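Below, each chain spelled out in residue letters.
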Amino acid sequence: MHMSNLTRADVTPEAIWMNRRQIIAAMGAGSLAGGIGFGARAQNTLEPHSWEQITGYNNFYEFGIGKDDPAKNAGAMKTEPWTVKVDGLVDNPGEFSLADLIGDIPTEERIYRFRCVEAWSMVIPWNGFELNKLLAKVGVKPEAKFVAFETAVLPDVMDGVNYPILDWPYREGLRLDEAMHPLTIMATGLYGKPIPNQNGAPMRLVVPWKYGFKSIKSIVRMSLVEDQPHATWQQTNPKEYGFYSNVNPDVDHPRWSQASERVIGAGLFGGRIDTLPFNGYADQVASLYDGMDLRENF
Ligand SMILES: Nc1nc2c(c(=O)[nH]1)N[C@H]1C(S)=C(S)[C@@H](COP(=O)(O)O)O[C@H]1N2
Ligand SMILES: [Mo]
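Residues numbered from 1 in each chain as written. Chains lettered and ligands numbered in written order. Predicted model: local features only at pLDDT ≥ 70, side-chain atom pairs only at ≥ 80, totals over all residues. Heavy atoms only, no water.

The name an unreviewed UniProt entry assigns to the chain is Protein-methionine-sulfoxide reductase catalytic subunit MsrP, from the organism Jannaschia helgolandensis. Under the UniProt heading Subunit (unreviewed entry), the note attached to the chain is "Heterodimer of a catalytic subunit (MsrP) and a heme-binding subunit (MsrQ)." Turning to the chain, the UniProt annotation filed under Sequence similarities (unreviewed entry) states: "Belongs to the MsrP family." (UniProt positions renumbered as here; feature names shortened; annotations may be inferred.)

This is the structure:
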């Protein structure tokens, strides 16, 4: 059992709580049920949030800044045909239809925790594929050190881009080793259905150990580059939003604590849980940051 590879069928109250290490330890002790300290997170199962919650409470500023604006407005975006430009330090640059770009890469389900920098969270059953598979197809040149992404700018349907809310296009970036990590996916679906526009159709990034704003939606450009790329929120307010933005309960946002989070739908009083380092994926990703000061590189 690997947390990142859970399917809906695997989501049982016991299984979801154990990362691989805990399961191995528990098996060694001869029992899966007894003696495992689940800690403060025990209330938070990886039971996915509902379709209505995931598609009705969104951040997608191109379609408005209210949480219900994307659900109301993003339906007007046409996602077929959809062209993605791949450029920079790649063997196979070009402008590809999404279908040609993805080609025969199969999709799989990934049930991930999703933690917004605003301190709310959900559990989301994405369908998608590892970004490293796409990077293998486009052929990353050895000089490349980062991947930069851009969202579409469609003024006719995205009213937000007509106003200087952010510096459009929305842009994000990852270090190449973060982009290659098997937890990093491109999502094209949700609950086994095509991903709705408000969640970033037809293809969006999902990096589950980072704050949600890194997971850029409706991608039209992917560039392999040598220098750390611009990232929209970092550029907007570098004191509050770093390039790395790994979920970290020990580094507060200047205006609020990041030590806990409000689970969407869990009610006004029962709904706060402790936030975990790297959003609970530390086993798998902490080593990417060995030797880095995570306060400095927040
Ligand atoms: N292009 C674009 N991508 C974006 C955003 C945005 O406003 N525009 N919001 C980000 C933020 S802050 C979060 S929390 C997630 C929300 O994803 P969801 O609506 O699918 O939950 O998308 C991220 N990706
Ligand atoms: Mo967010």
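Concerning the UniProt feature "binding site: Mo-molybdopterin" (unreviewed entry) in the chain
Under the present numbering, the feature "binding site: Mo-molybdopterin" (unreviewed entry) in UniProt falls on Asn58, Tyr61, Glu62, Cys116, Thr151, Asn199, Arg204, Ser215, Ile216 and Lys217. Note on placement: tyrosine 61 falls in the loop between α2 (51-56) and α3 (69-73). The buried category is assigned to tyrosine 61, whose relative accessible area is 18%. Sequence-distant contacts of threonine 151, that is, excluding residues within four places in its chain, are made with Phe60, Glu62, Pro169, Tyr170, Ile216, Lys217, Ser218, Ile219 and Val220. (Helix = DSSP H or I, 4+ residues; strand = E, 2+ residues; numbered from the N terminus. Buried < 20%, exposed > 50% of the residue type's maximum accessible area, 1.4 Å probe, protein only. Contact = heavy atoms within 4.5 Å.)

Some words on the site of ligand 1
Not every one of the 17 residues close to ligand 1 is listed here, only the nearest: Asn58, Tyr61, Glu62, Thr151 and Lys217. At 2.8 Å from an oxygen atom of ligand 1 is found a main-chain nitrogen or oxygen belonging to tyrosine 61. Contacts to ligand 1 include threonine 151, whose side-chain N or O atom sits 2.9 Å from a nitrogen atom. Against a free-state accessible area of 530 Å², the protein chains account for coverage of 98% of ligand 1. In terms of residue class, the shell around ligand 1 is built from eight nonpolar, six polar and three charged. (Near = heavy atom within 4 Å. Polar contact = N/O pair within 3.5 Å; in protein donor to acceptor, adjacent residues only side chain to side chain. Areas by Shrake-Rupley, 256 points an atom, 1.4 Å probe, with all protein chains shown as cover. Nonpolar A, V, L, I, M, F, W, Y, C, P; charged D, E, K, R; others polar.)

Side note on the environment of alanine 74
With respect to the helices and strands, alanine 74 occurs in the loop between α3 and β1 (83-88). Note on alanine 74: relative accessible area 0%, which makes it buried. Along the chain, alanine 74 and glycine 64 lie 10 residues apart, while their C-alpha atoms are 9.3 Å from each other. Excluding residues that lie within four positions of it along the chain, alanine 74 makes contacts with Phe63, Asp69, Asn197 and Gln198.

Comments concerning the environment of alanine 144
Of note, alanine 144 is situated in the loop between α5 (131-138) and β5 (146-151). Distance in space between the C-alpha atoms of alanine 144 and arginine 175 is 9.4 Å, their sequence separation being 31 residues. Excluding its chain neighbours within four sequence positions, the residues that come into contact with alanine 144 are Leu89, Leu176, Leu224 and Val225.

A few points about the pattern of salt bridges
Summed over the entire model, instances satisfying the criterion amount to 13 salt bridges. Where lysine 72 meets aspartate 68, a salt bridge forms, and the shortest distance between an N and an O atom there is 3.9 Å. A salt bridge links arginine 255 to glutamate 240; the nearest nitrogen and oxygen atoms lie 2.6 Å apart. You can see arginine 255 sitting in the loop between α7 (232-236) and β11 (260-263) and its partner glutamate 240 sitting in the loop between α7 and β11, a full 15 residues away along the chain. What makes arginine 255 exposed here is its relative accessible area of 55%. On the accessibility criterion, glutamate 240 (14% relative accessible area) is buried. (Salt bridge = Lys/Arg side-chain N within 4 Å of Asp/Glu carboxyl O.)

Brief notes about a nonpolar patch on the surface
Together, Ile65, Tyr163 and Ile165 give the surface a local cluster of nonpolar side chains, amounting to about 290 Å² of exposed area. For isoleucine 65, the location among the structural elements is in the loop between α2 and α3. (Patch = residues over 30% accessible without salt bridge, like charges linked within 9 Å, V, L, I, M, F, W, Y side chains within 5 Å.)

Comments concerning the nonpolar core
Soluble globular proteins: nonpolar side chains tend toward being buried together. Formed by 70 residues in total, the largest nonpolar core has its most connected members in Trp126, Leu131, Phe149 and Met186. The leading source of residues in this core is strand β4 (residues 120-130), at five residues. Sequence-distant contacts of methionine 186, defined by excluding residues within four places in its chain, comprise Asn127, Gly128, Phe129, Leu131, Leu134, Phe149, Met203, Arg204, Leu205, Ile219 and Met222. (Core = buried A, V, L, I, M, F, W, Y, C linked by side-chain atoms within 4.5 Å.)

Comments concerning the pairing of strand β10 (residues 219-225)
With four bridges joining them, β1 and β10 adopt parallel strand pairing. What sits directly across from valine 86, in β10, is methionine 222. Relative to β10, β5 runs antiparallel, the two being bridged by six bridges. Considered in β10, the bridge of phenylalanine 146 is made with valine 225. (Pairing = 2+ DSSP bridges.)

Notes on the sheet that holds β1
Within the open sheet, the five strands sit side by side as β2-β1-β10-β5-β6. Their pairing is mixed. Unpaired on one side and paired on the other, β2 (94-97) and β6 (171-175) mark the two borders of the sheet. Put simply, the sheet's adjacent strands are angled 20° from each other on average, direction ignored. Taken strand by strand, α5 contacts β1, β5, β6 and β10, and its axis lies near 70° from that of β10. (Axes fitted to C-alpha atoms, helices over the stretch in contact; angles between N-to-C directions.)

Concerning the pairing of β4
A large share of β4 lies buried, amounting to 11 of its 11 residues. Relative to β4, strand β3 (residues 108-115) is paired through eight bridges, and the arrangement is antiparallel. Paired with phenylalanine 114 across the bridge in β4 is methionine 122. Taken together, the two bridges between β4 and β11 define a ladder with parallel strand orientation. Among the inter-strand pairings, tryptophan 120 is bridged to a residue of β11, identified as arginine 262. Strand direction decides the pairing type here: β4 and strand β7 (residues 185-190), joined by five bridges, are antiparallel. In the strand pairing of β7, tryptophan 126 is matched with leucine 190.

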